[in-house]
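# Fold and geometry: a report
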Amino acid sequence: TGSRIAQEEGLCTLFRGLLTTTLGYFFQGAMKYSLWEVFKASFGYGRFQGSARVFALIAAAFAAEIIASLVLCPFERARIRIVSDPRFADGPLAALLRLHREGGFRKGLYGDGLCATLVKQICYTIAKLTVFSLGFEALLDCTNFPRAVSTLLASILAGLVASIASQPGDTLQVCTSSNAMMQARCPVDLRTGKPPTL
């Protein structure tokens, strides 16, 4: 637990890798939201009605998140290495360079968990951005709520749906982890597709 780690290794241990996480999500967020707006316009969101409009939102979120996740993944790999081994590197840039030097571009910066991360992030982003947009528009059209209340309610709904939608990706990340203890917790045997007890 957090309190035990803080007592045994010091409070700073809980913040190890924070700069790497911050940089990763800064770049990922900048890519995701700006590209989502670009792709929404490119895919005709403003011109369509009905299901075509929903499809444009989904396609824009999908395309934006693939690129954004490819930016995020190396930072996540670097953060995990810095947290698990503080001697691995002095900071994000040194960690990224070492990962690349030791494993090359694909294996070093992306590793074996890229597909699981993409599944998780893409499902999360599609759900979050699509539900927020549609929910916000519906609340504005069908209620007299102030804009701020509509934004808050659409955000809550989007967060709830996105957390559920990303759950299969979370499970895949556990199952494809290089950490043997995490793999042992996988609810499915990846070779057979059945629960490990069968």
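Note that the coordinates shown come from a computational prediction; the quantities given were computed from them, not determined experimentally.

Calculation rules
Residues numbered from 1 in each chain as written. Predicted model: local features only at pLDDT ≥ 70, side-chain atom pairs only at ≥ 80, totals over all residues. Heavy atoms only, no water. Helix = DSSP H or I, 4+ residues; strand = E, 2+ residues; numbered from the N terminus. Expected span 1.5 Å × (residues − 1). Buried < 20%, exposed > 50% of the residue type's maximum accessible area, 1.4 Å probe, protein only. Contact = heavy atoms within 4.5 Å. Phe/Tyr/Trp six-rings, centres within 6.5 Å; stacked < 30°, edge-to-face > 60°. Disulfide = S-S within 2.5 Å. Salt bridge = Lys/Arg side-chain N within 4 Å of Asp/Glu carboxyl O. Patch = residues over 30% accessible without salt bridge, like charges linked within 9 Å, V, L, I, M, F, W, Y side chains within 5 Å. Areas by Shrake-Rupley, 256 points an atom, 1.4 Å probe, with all protein chains shown as cover.

Let's shift gears to helix α2 (residues 18-42). Taking 1.5 Å of rise per residue, 25 residues should cover 36 Å, and α2 covers 35 Å from first to last C-alpha, within 8% of that figure. Taken together, the buried positions of α2 are occupied by T20, G24, Q28, G29, K32, L35, W36, F39 and K40. At its buried positions, α2 is contacted by α3 (50-84), α4 (92-109) and α5 (114-142). G44 sits one or two residues past α2 and shows a positive phi near 85°.

Under the criterion given, the structure shown has five aromatic pairs. On the basis of an interplanar angle of 35° and a centroid distance of 5.8 Å, the ring pair of F27 and F75 is categorised as tilted. In this pair, F27 sits in helix α2 while F75 sits in helix α3, placing the two residues 48 residues apart along the sequence. Residue F27 is classed as partly exposed on the basis of its relative accessible area, which comes to 36%. On the basis of relative accessibility, which here comes to 12%, the residue F75 falls in the buried class. Three or more aromatic residues link up through ring pairs in this structure, and these residues are F26, F27 and F75.

The next thing to look at is the state of the cysteines. Using the criterion set out here, one finds zero disulfides in the structure. No disulfide involves C115; its sulfur sits 9.8 Å from the nearest other cysteine sulfur, which is in C73.

Taken as a whole, this structure holds six salt bridges when the rule is applied. Between E65 and K32 there is a salt bridge, with its nearest N and O atoms 3.4 Å apart. With E65 in helix α3 and K32 in helix α2, the pair connects residues that are 33 residues apart, well separated along the chain. On the accessibility criterion, E65 (0% relative accessible area) is buried.

We now examine a nonpolar patch on the surface. On the surface, F145, V149, L152, L153 and I156 cluster together into a nonpolar patch covering about 430 Å² of accessible area. Mapped onto the elements of the fold, L152 is located in helix α6 (residues 147-165). On the basis of relative accessible area, L152 is assigned to the exposed category, the value being 51%.

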